[in-house]
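Residue-level structure breakdown
Below are the chains, spelled out letter by letter.
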Amino acid sequence: MSMHEDKVFAVFREVLDLLEGRDRTTLVYNETAGWDSIGHMTIVAGLEESFDCMLDTDDILDMSSFGKAVEIMANYDADS
Amino acid sequence: MLTLEGRVALVTGGGRGIGLAVARRLGENGADLVLVGRSSAVGLDSVAETLVEDYGVRVRTFCGDVGDPATAQQAARLAFSEFRRLDVTVNNAGILEDAVIGMIAEDVIDRTLSTNVKGVINFTQASARLMERSGGGSIVNVSSIIGRFGNRGQLVYGASKAAVIGATLSAAKELAPKGIRVNAVAPGYIATDMIKGIDPEIDAERRGSIGMGRIGEPEDVSDAVLFFASELSRYVTGQVLGVDGAMLV
């Protein structure tokens, strides 16, 4: 797993209260406990804070899984 | 004087009329500003220069159509890149095109709803995300007495300004837990470019319907906006404040 992915996961872990070893591929919007619309905006706020950026609304709406979040955040990660 | 020093305020339609008065009042009280306007950057930049000279605050400008979501996102991004925060958003940009029922063109409906309603929603979305990061903020929407009570010949405008009130009430409830307050002002008959060219008979009739016996000035509205923007209203959200001098419509 890349540093970029770990950086994204750190936000998900904090917001969704996940264990470190959690299978990341199973994290899906509206299926994973706590990842509802409210949780989604908290994740977005956390990602914006962590990556020091502002996400486009289209990207917020497209962020339907952890994998997708990793893909989207690569566009905002100055280190990747 | 209230202090908004260290705060950043974004004002749509900030180049003239009520928006300019709001920008001046917020700047006078120390807020750094992002002005959004549809007209030429030159006009907006000249307003910005005046504000910098008069109040010593930092001012950035952005030109775009508030009905386009990209405008709100880019303006918020400008606030973020320049100031790293946003504390106050004043959704003031609006248009008024009168037409009696039966003579309302579809493009007037689209244009009015896009600017007056979509603009408010777009900037509420973009602003709230940025405000949440600094622990809260204040969004002030400019509705109208027509949105509260209606008026003949103003079906489209009245509908759009009533929608602004609906948006204010819903956003206030959703954003309260994040420390973001959302309120609206509902101006009456205010001396701005918007009423220039109005039929003198109608103008006289409207002035005659104002209980306080005078037309409102943009500063009457900007003072009410300042209240909502400042800590004086720290426990006030989801409210619509008429600024109309007891006008009857």
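Cut-offs and rules
Residues numbered from 1 in each chain as written. Chains lettered and ligands numbered in written order. Predicted model: local features only at pLDDT ≥ 70, side-chain atom pairs only at ≥ 80, totals over all residues. Contact = placed C-beta atoms within 7 Å. Helix = DSSP H or I, 4+ residues; strand = E, 2+ residues; numbered from the N terminus. Nonpolar A, V, L, I, M, F, W, Y, C, P; charged D, E, K, R; others polar. Pairing = 2+ DSSP bridges. Axes fitted to C-alpha atoms, helices over the stretch in contact; angles between N-to-C directions. Parallel < 35°, antiparallel > 145°, perpendicular 65-115°, else oblique. Left-handed = near helix turned anticlockwise from the far one by under 90°. pLDDT = per-residue confidence, 0-100. Buried ≥ 20, exposed ≤ 12 C-beta atoms within 10 Å, placed from the backbone. Right-handed = clockwise from strand over helix to strand, strands pointing away. Core = buried A, V, L, I, M, F, W, Y, C linked by C-beta atoms within 7 Å.

Notes on the interface of chain A and chain B
- If you look at the interface, chain A gives six residues, while chain B gives nine residues.
- Per-element accounting of the side of chain A that touches chain B gives the leading share, three residues, to helix α2 (residues 37-51) of chain A.
- Residues that form the side of chain A that touches chain B fall into these classes: two nonpolar, one polar and three charged.

Section: the sheet that holds strand β2 (residues 32-37) of chain B
Residue and element names in this part refer to chain B.
- With parallel pairing, seven strands are arranged side by side in an open sheet as β3-β2-β1-β4-β5-β6-β7. Single-partner strands in this sheet number two, and they are β3 (59-63) and β7 (240-243). Within the sheet, the average angular offset between the axes of one strand and its neighbour, ignoring direction, is 15°.
- The pairing of strand β5 (residues 137-142) with strand β6 (residues 180-187) spans six bridges and is parallel. Pairing of S138 across the sheet is with R181, part of β6.
- Contacting β1 (8-12), β2, β4 (88-91), β5 and β6, helix α1 (residues 17-28) runs over the sheet at an angle of about 170° to β1.
- Here helix α6 (residues 155-175) sits on the sheet in contact with β5, β6 and β7, set at roughly 160° to β6.

Comments concerning unusual backbone geometry
- In this structure, D17 of chain A takes a positive phi of about 55° despite not being glycine.
- For R84 of chain B, which is not a glycine, the phi torsion comes out positive at approximately 65°.
- Following the sequence through the fold, R84 of chain B ends up in the loop between α3 (69-83) and β4.

Focus on the packing of α1 of chain B against helix α8 (residues 218-229) of chain B
All names here are of chain B.
- At a closest axis distance of 8 Å, the pairing of α1 and α8 adopts a crossing angle of 50°. With respect to α8, the element α1 is oriented oblique. In this structure, α1 crosses over α8, and the sense of that crossing is right-handed. For the pair α1 and α8, the contacting residues are G17, I18, A21, V22, R24, R25 and L26 in the first and P218, E219, V221, S222, D223, V225, L226 and A229 in the second.
- When grouped by side-chain class, the residues that make up the contact of α1 with α8 number nine nonpolar, two polar and four charged.

Considering the confidence of the model for chain B
- For chain B, per-residue confidence averages 96 on the pLDDT scale, and residues scoring 70 or more make up 100% of the total.
- Per the prediction output, this complex has pTM 0.93; the corresponding ipTM is 0.80.

Focus: the pairing of β4 of chain B
Residues and elements named next belong to chain B.
- What you see with β4 is no split at all: V88 and V90 on one side and T89 and N91 on the other are buried throughout.
- Here β1 pairs with β4 via three bridges, running parallel. Paired with A9 across the bridge in β4 is V88.
- The pairing of β4 with β5 spans four bridges and is classified as parallel. By the bridge assignment, V90 is partnered in β5 with V140.
- With respect to chirality, the unit in which β4 leads through helix α4 (residues 106-133) into the neighbouring parallel β5 is right-handed.

Considering the environment of G179 of chain B
- Looking at the element boundaries, G179 of chain B is found in the loop between α6 and β6.
- Leaving out residues up to four positions away in the same chain, G179 of chain B has contacts with G135 and G136 of chain B.

Re the nonpolar core
- Formed by 82 residues in total, the largest nonpolar core has its most connected members in A9, L26, L33, L35, A79 and V225 of chain B.
- Among the elements that line this core, the one with the most residues is α4 of chain B, at seven residues.

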